[in-house]
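Inside the fold
What follows is the residue order along each chain.
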Amino acid sequence: RAFAAPLYAFTGLRGMVISLLGKTGYGKTTMQDWAASVYGIPKRVNTTVNDTQMSMVQRMGIWNCLPLGIDEVTLIKPELLANLIYWGTQGQDRNRVTETTQANTWALPLSLSTNRSLRDKATTVGADVTAIQMRMLEYSFNQSAVFTEDKDYGRKINTMIADNYGLAGRVYLNYLLQLGEKQIKADIEQRMHYVMRHYGMEFEPNERYWQTHIVLCDLGSYYAKQLGLILY
């Protein structure tokens, strides 16, 4: 997600909402902080559901093309969840169309960590059920074997993140600038076919949000590996 984020600006979509579903202690918050640490101090990048709607909109506009995480949204109200899904996939606030907010747009992946599935909650506001559900991809977190074997593993990761942040992002963003818009768009198009062929995946037309997110994660990871930022 961290390396996919800046690539959204080169697609026809304005973002994606990712629901991280799992029990407390399974690493959801750690994964959000790890993605944010690529570009800056995690706790200053990510936010919580207790923030006002306006502050969330402003933060999306400020980060613009960087990954944003909202922690612990299990008890989020359906109306706010529906708004977040709209903001995260349309790149603007639908409630305040002024000259100021029109300039405050974004294209980024928004992650929400939760202990309960969010897929059905947003549909209770009377909106188009399919439209909402197809704009959110839900990942189920299971207890990692490494967390089971090493009870202190999560703390070690958080300690590492606290001391190392913002370095990989500078290298990565500079590389994207060198590639340029034309090359990145060509790579995305090529990667669309690669992902379907290499992983044996097929997508329906209404799954374009899911397809784009998966493809951008794959391409972003490829770029990062070429730069030596990751080893997978």
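**Considerations on the overall build of the protein**
When helices and strands are counted, the protein shows 10 helices and 5 strands. In terms of C-alpha radius of gyration, the protein reaches 17 Å, essentially the compact-globule figure of 17 Å for 232 residues. Dimensions along the principal axes, computed over C-alpha positions, put the protein at roughly 45 × 45 × 40 Å. Split into buried and exposed, the 232 residues of the protein put 46% on the buried side. For the protein, long-range pairs separated by at least 24 residues make up 76% of all intrachain contacts whose partners lie at least 6 apart in sequence. Of the roughly 12100 Å² of accessible surface on the protein, 52% is carried by carbon and sulfur atoms.

**Here's the deal with the sheet that holds strand S1 (residues 15-21)**
Read from one edge of the open sheet, 5 strands run S2-S3-S4-S1-S5, paired in parallel fashion. Each end of this open sheet is capped by a strand with a single partner; those strands are strand S2 (47-48) and strand S5 (136-140). Examined bridge by bridge, strand S3 (residues 68-71) and strand S4 (residues 108-114) share 3 bridges and lie parallel to one another. By the bridge assignment for S4, Leu68 is matched with Leu110. Against the sheet, helix H1 (residues 28-37) makes contact with S1, S3 and S4, and its axis sits at roughly 160 degrees relative to S4, the strand it touches most. Taken strand by strand, helix H3 (residues 53-63) contacts S2, S3 and S4, and its axis lies near 155 degrees from that of S3.

**Points about the nonpolar core**
Judged by nonpolar contacts, the single largest core of 32 residues is most densely connected at Leu7, Met16, Tyr172 and Tyr223. The leading source of residues in this core is helix H10 (residues 208-226), at 7 residues. Every residue in contact with Tyr172, bar those within four places of it in the chain, is listed here: Phe3, Pro6, Leu7, Tyr39, Gly220, Tyr223, Ala224, Leu227 and Leu229. Ranked by size, the runner-up nonpolar core spans 22 residues in total, among them Met56, Met60, Val73 and Leu118.

**Considering the pairing of S4**
Most of S4 sits out of view: 7 of its 7 residues are buried. Side chains Leu108, Leu110, Leu112 and Thr114 project from S4 onto one buried face, and the interleaved Pro109, Ser111 and Ser113 project onto a second face that is buried too. With 7 bridges joining them, S1 and S4 adopt parallel strand pairing. What sits directly across from Val17, in S4, is Leu110.

**Digging into a nonpolar patch on the surface**
Together, Met31, Trp34 and Met160 make up an exposed nonpolar region whose accessible area comes to about 250 Å². Its place among the elements puts Met160 in helix H8 (residues 153-163). For Met160, a relative accessible area of 34% corresponds to the partly exposed category.

**Notes on unusual backbone geometry**
If a residue is not glycine, its phi is most likely negative; likewise, a peptide bond is most likely trans. The phi torsion at Asn64 lies on the positive side, around 65 degrees, for a residue other than glycine. Residue placement: Asn64 occurs in the loop between H3 and S3. What makes Asn64 partly exposed here is its relative accessible area of 35%. Positive phi, normally seen in glycine, also occurs at Glu72, with a value near 50 degrees.

**Remarks on the environment of Ser117**
Among the structural elements, Ser117 can be located in the loop between S4 and helix H6 (129-133). It is 8.8 Å that separates the C-alpha atoms of Ser117 and Leu20, two residues lying 97 residues apart in sequence. The residues touching Ser117, leaving out its near neighbours within four places in the chain, are Leu21 and Glu138. Among the polar contacts made by the side chain of Ser117, one reaches the main-chain amide nitrogen of Arg119 at a distance of 3.4 Å. A polar contact is formed between the side chain of Ser117 and the side chain of Glu138, at a distance of 2.8 Å.

**Quick notes on the confidence of the model for the protein**
When pLDDT is averaged along the protein, the result is 87; 91% of the residues meet or exceed 70. Note on residues 97-101: pLDDT is under 50 here. Beyond four places in sequence and across chains, it has 2 contacts.

Parameters at a glance
Residues numbered from 1 in each chain as written. Predicted model: local features only at pLDDT ≥ 70, side-chain atom pairs only at ≥ 80, totals over all residues. Heavy atoms only, no water. Helix = DSSP H or I, 4+ residues; strand = E, 2+ residues; numbered from the N terminus. Rg over C-alpha atoms; globule rule 2.2 N^0.38 Å. Buried < 20%, exposed > 50% of the residue type's maximum accessible area, 1.4 Å probe, protein only. Contact = heavy atoms within 4.5 Å. Areas by Shrake-Rupley, 256 points an atom, 1.4 Å probe, with all protein chains shown as cover. Pairing = 2+ DSSP bridges. Axes fitted to C-alpha atoms, helices over the stretch in contact; angles between N-to-C directions. Core = buried A, V, L, I, M, F, W, Y, C linked by side-chain atoms within 4.5 Å. Patch = residues over 30% accessible without salt bridge, like charges linked within 9 Å, V, L, I, M, F, W, Y side chains within 5 Å. Salt bridge = Lys/Arg side-chain N within 4 Å of Asp/Glu carboxyl O. Polar contact = N/O pair within 3.5 Å; in protein donor to acceptor, adjacent residues only side chain to side chain. pLDDT = per-residue confidence, 0-100.

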